[in-house]
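Architecture at a glance
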Amino acid sequence: MNLKPKTSNPRPGFIFDLDGVIVDTAKYHYLAWKKLANELGFEFTEEQNELFKGVSRKRCLEILLDIGGITASQEDFDRWMVEKNEDYLAYIENMNESEILPDVPKVLEYLKGKGLPIALGSASKNAQPILEKVKLLGYFDALVDGNNVAKAKPDPEVFLIAAKKLSAKPENCIVFEDAVAGIQAANNVGMASIGIGNVKILSEADYNFNDFTEISLDFLENLIEKTTP
Ligand code: B16
Ligand code: MG
């Protein structure tokens, strides 16, 4: 009998960013930062808020203070970090499933149905309670968020930890991101990058979609074959 050794394709790993990909929490981050800016005596526009996408809370405050031309003591800095987060938590307190971005559950359901591993790769320290509020936590095999990483995107640390937790090789991972820094982080380690949002801003991504309604199941099927040949 000719017994050939069994070979199997490597498993793809799917990694989702949170804010701007799964839920539109950017508007709540904006309101909380704007409130702080106004209290400190200056304006903060939605356009400036674009700079804050995918960026850690600490870095956001540094940018905000630069915009306002404010030099803060360590004590003030720490107090404003807490204040912003408390305001943000108040905004998201009543979040529910209605705030999931369109067709995200369709994609998660499809991947789950195929038994493919899914991770979260987010800069937010509030990721888990948000996933609980919108009732999507059960789809995720691993959560990697702002509490688990030392280096911010575009450093790939968050996605590399996620790949490891999914037992997937980086080159077999597929990342959904709405921030340029996140796309760069995925590209830096050879992960397939899918930009969700404005193609002009996310032109470095391997694939671009305005949102998940544009992502067909055929596209995902082909992508899985390409990523795990
Ligand atoms: P938190 P993501 C990021 O989440 C947001 O895009 C960014 O605006 C925010 O400052 C950062 O999380 C930290 O959030 O204050 O909740 O820890 O897009 O990487 O999922
Ligand atoms: Mg994001």
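Residues numbered from 1 in each chain as written. Chains lettered and ligands numbered in written order. Predicted model: local features only at pLDDT ≥ 70, side-chain atom pairs only at ≥ 80, totals over all residues. Heavy atoms only, no water.

Secondary structure assignment for the protein chain yields 9 helices and 6 strands. Buried positions account for 47% of the 229 residues belonging to the protein chain. A fraction of 61% describes how many contacts in the protein chain between residues 6 or more apart in sequence connect residues 24 or more apart. As displayed, the protein chain has an accessible area near 11,500 Å², and 50% of this comes from carbon and sulfur atoms. A distance of 7 Å separates the average location of the 25 positive side-chain charges in the protein chain from that of its 36 negative side-chain charges. (Helix = DSSP H or I, 4+ residues; strand = E, 2+ residues; numbered from the N terminus. Buried < 20%, exposed > 50% of the residue type's maximum accessible area, 1.4 Å probe, protein only. Contact = heavy atoms within 4.5 Å. Areas by Shrake-Rupley, 256 points an atom, 1.4 Å probe, with all protein chains shown as cover. Lys, Arg positive; Asp, Glu negative; His and termini not counted. Charge placed at Lys NZ, Arg CZ, Asp CG, Glu CD.)

Moving on to the coordination of the magnesium ion (ligand 2). Only D17 (OD), D19 (O) and D178 (OD) from the protein coordinate the magnesium ion (ligand 2), and they sit 2.0 to 2.2 Å from it. Spacing between the donor residues of the magnesium ion (ligand 2) along their common chain follows D-x1-D-x158-D. With a gap of 161 residues between them, D17 in the loop between strand 1 (13-16) and helix 1 (26-39) and D178 in the loop between strand 4 (173-177) and helix 8 (180-188) connect regions that are remote in the sequence. You'll find D17 and D178 in the same group, each marked buried. (Donors = N, O, S within 2.8 Å, 3.2 Å for Na, K, Ca; no water.)

Moving on: the site of ligand 1. If you check the shell around ligand 1, you find 18 residues, and the closest are V55, S122, S124, K125 and N126. A distance of 3.2 Å is found between an oxygen atom of ligand 1 and a backbone nitrogen or oxygen belonging to L18. Take S124: an N or O atom from its side chain is 2.7 Å from an oxygen atom of ligand 1. Summarising the interface, the protein chains cover 98% of the accessible area of ligand 1, which totals 470 Å² for the free molecule. Of all elements in the fold, only helix 3 (57-68) and helix 4 (74-92) reach the threshold of two or more residues within the shell around ligand 1. Here the residues of the shell around ligand 1 are counted per class, giving 6 nonpolar, 5 polar and 7 charged. (Near = heavy atom within 4 Å. Polar contact = N/O pair within 3.5 Å; in protein donor to acceptor, adjacent residues only side chain to side chain. Nonpolar A, V, L, I, M, F, W, Y, C, P; charged D, E, K, R; others polar.)

On to the side chain of D145. In this fold, D145 is placed in the loop between strand 3 (142-144) and helix 7 (157-165). For the buried residue D145, which engages in no salt bridge, the nearest side chain bearing the opposite charge is K165, 8.2 Å off. A polar contact of 2.8 Å, which involves the side chain of D145, links it to the backbone nitrogen of N147. In contact with D145, other than residues within four places in its own chain, are S122, S124, A127 and Q128. (Salt bridge = Lys/Arg side-chain N within 4 Å of Asp/Glu carboxyl O.)

Among the nonpolar cores identified, the biggest contains 40 residues, and F16, I22, L136, F140 and F176 are the most heavily contacted of them. It is helix 5 (residues 104-113) that contributes the most residues to this core, 5 residues altogether. In this structure L136 touches I22, I100, V104, L108 and L131, once residues within four positions along its chain are discounted. (Core = buried A, V, L, I, M, F, W, Y, C linked by side-chain atoms within 4.5 Å.)

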